[in-house]
Amino acid sequence: SPPVMMRALRHELFHQYLSHAYCMLPTAPWLNEGHACFFENAHVDAKGKVTLEEDPDRSSVLLENLDEAVNVLPHLLQATHTEFYSGTSASLRLKYALAWGLVYYLQKGAPLERNTPFKDILPDYAATLALTHDGATATAAAFKNVDLTVFQGNFREFWLKRRGSAMRYNPLEP
């Protein structure tokens, strides 16, 4: 059906965009798939305004498996391409949902938190990738000053209690 086809098209086109935006440098799977999943839910209205909506399928997978997702988050951040793309269909579905949920949180949830403790993760990732050309090194640098236990707690709380304001927040608007 056209909506499914358009989602898949936006997903794959975002992979292409990301490759060109990062000068064809390979990115970490969590960042690459997370952003492709994030942008596959983009909608453009008649005036050209882009909104990035929550993915109902991935959010339900994430919420149904939230404790497991929070626990595997550190592993997802360090996963190689082979590790990310291997496993059962259920584990792949959770990895994609978690990667999407992580990017959704970093793009739409974390910017609204008091003192925005995680605002530098994505810019630090990009800057380090440009210097090192290595996605794993970029991930390590992006999370270097982050207490992962605190991050996991904030991520969990966001998905349980604080999604409403993120649904209204558009990171593409100034």
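Up top you'll find the structure we're talking about.
Note that the structure is a prediction, hence the values are computed from the model and not measured.

Reading the values: the criteria
Sequence order as written defines residue numbering, which begins from 1 separately in each chain. Reporting of local features is limited, given that this is a predicted model, to residues whose pLDDT is at least 70; pairs of side-chain atoms are given and counted only at 80 or more, and all residues count toward the totals for whole chains, interfaces and linings. Excluded from the side-chain calculations are hydrogens and water; all other atoms, namely the structure's heavy atoms, are used. We count a stretch as a helix when DSSP gives it H or I for four or more residues in a row; a strand needs E for two or more, and each element gets its number in order from the N terminus. We call two N or O atoms a polar contact when they sit within 3.5 Å, provided that within protein one can donate a hydrogen and the other can accept it, with sequence-adjacent residues counted only if both atoms are side-chain atoms. Contact definition: two residues touch when any of their heavy atoms are within 4.5 Å. Multiplying 1.5 Å by the helix residue count minus one yields the expected span of that helix. Accessibility here uses a 1.4 Å probe with only protein chains present; expressed as a share of the type maximum, an area under 20% marks a residue as buried, one over 50% as exposed, and anything in between as partly exposed. In this description, a nonpolar core means a group of buried Ala, Val, Leu, Ile, Met, Phe, Trp, Tyr and Cys residues linked to one another through side-chain atoms lying within 4.5 Å. Basic side-chain nitrogens of Lys or Arg form a salt bridge, by our definition, when they fall within 4 Å of a carboxyl oxygen of Asp or Glu. Note on aromatic pairs: the rings of Phe, Tyr and Trp (six-membered ring only in Trp) are paired at centre separations within 6.5 Å, and the planes decide the class, stacked below 30 degrees, edge-to-face beyond 60, tilted for the rest.

Chemist: Explain the side chain of E40 here, please?
Modeler: Looking at the element boundaries, E40 is found in the loop between helix 2 (29-39) and strand 1 (42-44). Polar side-chain contacts of E40 include one of 2.7 Å to the side chain of R58. If near-sequence neighbours (up to four positions away) are discounted, E40 is found in contact with R7, R10, H11, D55 and R58.

Chemist: What exactly am I supposed to notice about helix 6 (residues 89-109) here?
Modeler: Structurally, the α-helix is built with 3.6 residues per turn, so residues lying three or four positions apart point the same way. Helix length check: helix 6 (21 residues) gives 28 Å between terminal C-alpha atoms against 30 Å at 1.5 Å per residue, within 8%. Burial within helix 6 is extensive, with 15 of its 21 residues counted as buried.

Chemist: Is there a simple way to think about the nonpolar core in this case?
Modeler: The nonpolar side chains of a soluble globular protein tend to be buried with one another. Within the largest apolar cluster, 47 residues are counted, with the highest numbers of intra-cluster contacts made by W30, Y105, L106, Y125, F151, F155 and W159. Broken down by secondary-structure element, the contributors of at least two residues to this core are helix 1 (2-21), helix 2, helix 3 (56-64), helix 4 (66-78), helix 6, helix 7 (121-132), helix 8 (135-142) and helix 9 (148-161). Sorting elements by how many residues they give to this core places helix 6 first, with 10 residues.

Chemist: Before we go on, may I ask you to explain unusual backbone geometry in this structure?
Modeler: Across residues other than glycine, the phi torsion is negative in most instances, and most of the peptide bonds are trans. Not every positive phi belongs to a glycine, and N115 is a case in point at roughly 65°. Relative to the assigned elements, N115 resides in the loop between helix 6 and helix 7. Given a relative accessible area of 69%, N115 falls into the exposed group. Even without being glycine, T116 reaches a positive phi, approximately 30°. Assignment of secondary structure puts T116 in the loop between helix 6 and helix 7. Look at T116 and you get buried, because its relative accessible area is 18%.

Chemist: Looking at this structure, how should I read the pattern of salt bridges?
Modeler: Oppositely charged side chains can form a pair if their charged atoms are brought close together. According to the stated counting rule, one finds nine salt bridges in the structure shown. Measuring nitrogen to oxygen at the nearest pair gives 2.7 Å for the salt bridge that ties E40 to R58. Taken together, the positions of E40 in the loop between helix 2 and strand 1 and R58 in helix 3 put the pair 18 residues apart, joining distant regions of the chain. Take E40: its relative accessible area is 4%, and that puts it in the buried class. The salt bridge involving D67 is made with R156; its shortest N-O contact spans 3.0 Å. Taken together, the residues span a long stretch of sequence, with D67 in helix 4 and R156 in helix 9 at a distance of 89 residues. Note on R156: relative accessible area 30%, which makes it partly exposed. Here the salt bridges share partners, and the residues they tie into one network are R7, E40, D55 and R58.

Chemist: Please explain the side chain of N41 as it appears in this structure.
Modeler: Residue position: N41 is located in the loop between helix 2 and strand 1. N41 sits in the buried class, given a relative accessible area of 6%. Among the polar contacts made by the side chain of N41, one reaches the side chain of D55 at a distance of 3.3 Å. If sequence neighbours within four positions are ignored, N41 has contacts with R7, R10, T51, L52, E53, D55 and W100.

Chemist: Explain the packing of aromatic side chains to me, please; I cannot follow it from the model alone.
Modeler: Both the distance between ring centres and the angle between the ring planes are used here to describe each pair of aromatic rings. Counted under the stated rule, the structure contains 21 aromatic pairs. When the ring of W100 is compared with that of W159, the centres are 5.3 Å apart and the planes differ by 50°; the resulting orientation is tilted. Linking W100 in helix 6 with W159 in helix 9, this pair joins segments that are 59 residues apart in sequence. Exposure remark for W100: the relative accessible area of 0% places this residue in the buried category. Residue classification places W159 among the buried positions, given a relative accessible area of 1%.

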